[in-house]
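Residue strings, one per chain:
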Amino acid sequence: MKTKPVLAASAVLVLAAALASCSAGGGGGNGGNDATNCTNTIPKSDLPVVTMWAWYPNMELVVDNFNEQNDEVQVCWTNVGQGGDEYDKFQTAITAGTGAPDVIMVEADRIPTFQIQEALVDISDMGYEDVKDHYSEGAWKDVSVGDGVYGAPVDGGPMGMIYRADVFEEYDITPPTTWAEYEEAAQKVKDAGGPLFGDLGANVPAVMMALQYQNGAQPFTYDPASPETIGIDLADDASKEVLDYWAGLVEKGLVGTQDQFTPEYISGVIGGDYATYISAAWAPGYLTGAGVGEGEDAGVWAVAPLPQWDADNPVSVNWGGSAFSVTSQASDPELAAKVAFGVYADDESLLDGWQNQVIFPLNLKALNSPEFVDYEVPFFNGQQANKEVYVPAANAYTGMTYTPFGQYYYDAFTEQLAAINEGSVSGSEAADRLQEDVVAYAEEQGFTVE
């Protein structure tokens with residue numbers, strides 16, 4: 001039987017993760033469960049207070065909306081940092097047994113890391129049934145571990161294929177519907193002297209994990225009812241097929257090998273070095289903020305559904321997204337759950353999130369609203385991208401199973417993707433090496449690997 005210190009050791013590697021899906025907001029302070037240290041003003045001081053850490057850029061508006069509308073509880077919010085910075089502080093509080101907030105914003109794929117340390121509370125019997133129908137099956141799956149629910153979904157990242165419509169027109173390319181067609185189009189553009197068709201960034205392993213899921217892979221199986229056991233299957237045929245495919249694109253010079261989210265990569269996107277960008281629904285906001293689509297050579301951008309491995313059996317996948325979780329240090333878990341489920345759920349906050357903050361909503365009253373579905377996205381020159389691509393993908397998404405040692409897995413995957421890009425291993429060899437590496441790590445942490 002694993003001891004709690006071993007479980008904590010397996011989780012601590014999460015701390016360096018950088019976010020892809022959300023932007024940092026303002027605020028500050030050291031937060032914790034000290035309700036006297038709030039960024040916001042609490043208007044109803046006679047009500048009980050729940051402390052919260054979160055970094056959504058419009059969090060002050062969201063908290064103010066909740067506090068104004070609620071006569072049972074008030075939220076004391078602080079922004080202690082984005083992603084890894086917040087996780088650092090949370091891990092310190094977990095180790096110390098004090099200093100955590102009542103509610104914390106956590107990326108969905110990090111939930112198992114903290115759940116295995118018993119740092120999060122299962123809120124499945126604390127109001128979940130009242131809001132269950134407000135979100136899709138996939139949204140709930142991503143914030144669940146086994147049968148337990150450890151977060152209230154807020155935003156997500158259904159994936160699609162962003163592309164340069166002007167480049168596609170120049171080279172007479174129709175948006176590919178399968179990955180086989182994607183390669184054919186890439187070869188056609190290369191043969192005509194055009195740009196790279198895409199990019200295999202070693203620093204975005206979550207994309208490859210999603211594409212492996214799309215191809216039928218199940219990298220991890222984990223149930224907290226058997227916390228000593230984990231299933232790890234990173235070198236199955238489906239996973240190898242995906243990596244061999246992308247390794248082939250690299251070898252043929254059809255895609256680049258630049259790390260993404262870097263000045264060099266953005267410069268290449270702005271400069272027209274890539275015809276496509278395989279990404280998620282939050283990407284238009286990221287690209288706009290990075291200066292893509294501006295200036296004389298802005299290009300014409302559009303989006304199409306993600307190509308499929310099997311056109312007859314389409315699968316939607318997701319990259320990114322966050323939730324509000326109740327911590328085990330919450331003074332009143334049921335009151336904290338009321339906040340987790342209720343904050344960022346009112347109409348005004350949801351509207352501001354997608355209109356002004358480019359946050360892709362998972363709450364179905366926003367996701368399926370005519371205003372959101374029919375929205376003409378400026379970055380895509382008025383294309384109704386939500387209706388054509390992102391909303392159908394979000395509604396069809398069934399969720400993923402994440403691992404309690406996600407950051408180690410991502411780091412190990414990055415190492416293998418870099419080796420593919422260097423040409424030192426094939427896709428299949430990279431999958432075998434990844435399996436060996438992650439299994440060894442899991443066993444070091446005290447897991448029995450199935």
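Residues numbered from 1 in each chain as written. Predicted model: local features only at pLDDT ≥ 70, side-chain atom pairs only at ≥ 80, totals over all residues. Heavy atoms only, no water.

For the rest of this paragraph, the subject is the sheet that holds strand S14 (residues 448-449). Whenever strands of a sheet pair, they do so through backbone hydrogen bonds, lying parallel or antiparallel. Ordered by their spatial adjacency, 3 strands build an open sheet running S8-S9-S14, and the pairing between neighbours is mixed. Only two strands of the sheet have a single neighbouring strand rather than two, namely strand S8 (220-222) and S14. Judged from the 3 bridges that link them, S8 and strand S9 (residues 229-232) form a sheet pairing that is antiparallel. Bridged to tyrosine 222 within S9 is isoleucine 230. Sitting on the sheet, helix H19 (residues 427-444) touches S8, S9 and S14, and the angle it makes with S9 is about 175 degrees. (Pairing = 2+ DSSP bridges. Helix = DSSP H or I, 4+ residues; strand = E, 2+ residues; numbered from the N terminus. Contact = heavy atoms within 4.5 Å. Axes fitted to C-alpha atoms, helices over the stretch in contact; angles between N-to-C directions.)

All told, the structure shown has 1 disulfide when counted by the stated rule. One disulfide bridge connects cysteine 38 with cysteine 76, the sulfur atoms lying 2.1 Å from each other. Given an S-S torsion of about -115 degrees, the disulfide between cysteine 38 and cysteine 76 has left-handed geometry. Residue cysteine 38 is found in the loop between helix H1 (4-11) and strand S1 (49-53), and its partner cysteine 76 is found in strand S2 (residues 74-78); the two are separated by 38 residues along the sequence. (Disulfide = S-S within 2.5 Å.)

Turning our attention to the packing of aromatic side chains. To describe a pair of aromatic rings, one takes the distance between the centres and the angle between the planes. Applying the stated criterion across every chain yields a total of 37 aromatic pairs. For the ring pair tryptophan 179 and tyrosine 182, a centre distance of 5.1 Å and an interplane angle of 65 degrees mean the geometry is edge-to-face. Residue tryptophan 179 and its partner tyrosine 182 are both found in helix H8 (residues 179-191); the two are separated by 3 residues, about one turn of the helix. The same class applies to tryptophan 179 as to tyrosine 182, namely buried. Here the aromatic rings of phenylalanine 360 and phenylalanine 372 are separated by 5.4 Å at their centres, their planes lie at 70 degrees, and the arrangement is edge-to-face. Of this pair, phenylalanine 360 sits in the loop between helix H14 (347-356) and helix H15 (364-367) while phenylalanine 372 sits in helix H16 (residues 370-373), and the two are 12 residues apart along the sequence. For the pair phenylalanine 360 and phenylalanine 372, a shared accessibility class is recorded, and that class is buried. Members of the aromatic cluster, connected to one another through ring pairs, are Tyr163, Phe168, Trp179, Tyr182, Phe197, Tyr245, Trp246 and Trp309. (Phe/Tyr/Trp six-rings, centres within 6.5 Å; stacked < 30°, edge-to-face > 60°. Buried < 20%, exposed > 50% of the residue type's maximum accessible area, 1.4 Å probe, protein only.)

For the rest of this paragraph, the subject is the layout of surface pockets. Roughly 320 Å³ of internal volume is contained in the second largest pocket. If you go around the second largest pocket, you meet 19 residues; those closest to its centre are Pro284, Trp354, Val358, Tyr375 and Val377. Contributing elements (two or more residues each) for the lining of the second largest pocket: helix H12 (283-289), H14 and helix H17 (385-396). In the lining of the second largest pocket, the residues fall into 15 nonpolar, 4 polar and no charged. (1 Å grid on protein atoms, 1.4 Å probe; cavity = no way out; pocket = protein on both sides within 12 Å on 5 of 7 lines; lining within 4 Å. Points joined across faces, edges and corners; volume = space filled by probe spheres on them. Nonpolar A, V, L, I, M, F, W, Y, C, P; charged D, E, K, R; others polar.)

Helix length check: helix H18 (residues 406-422) (17 residues) gives 24 Å between terminal C-alpha atoms against 24 Å at 1.5 Å per residue, within 8%. Taken together, the buried positions of H18 are Gly406, Gln407, Tyr409, Tyr410, Ala412, Phe413, Gln416, Leu417, Ala419, Ile420 and Asn421. Elements in contact with the buried residues of H18: helix H4 (111-115), helix H9 (205-214), S8, helix H10 (237-251) and H19. At the C-terminal side of H18, glycine 423 shows a positive phi close to 85 degrees. (Expected span 1.5 Å × (residues − 1).)

Moving on, we come to the pattern of salt bridges. All chains considered together, the criterion is met by 10 salt bridges. Linking aspartate 166 and arginine 164 is a salt bridge whose minimum nitrogen-to-oxygen distance equals 2.9 Å. Taking the shortest distance from any N to any O, the salt bridge between lysine 365 and aspartate 347 comes out at 3.5 Å. Residue lysine 365 is located in helix H15, and its partner aspartate 347 is located in helix H14; the two are separated by 18 residues in the primary sequence. For aspartate 347, a relative accessible area of 56% gives the class exposed. Connected via shared salt-bridge partners are Glu107, Asp109 and Arg110. (Salt bridge = Lys/Arg side-chain N within 4 Å of Asp/Glu carboxyl O.)

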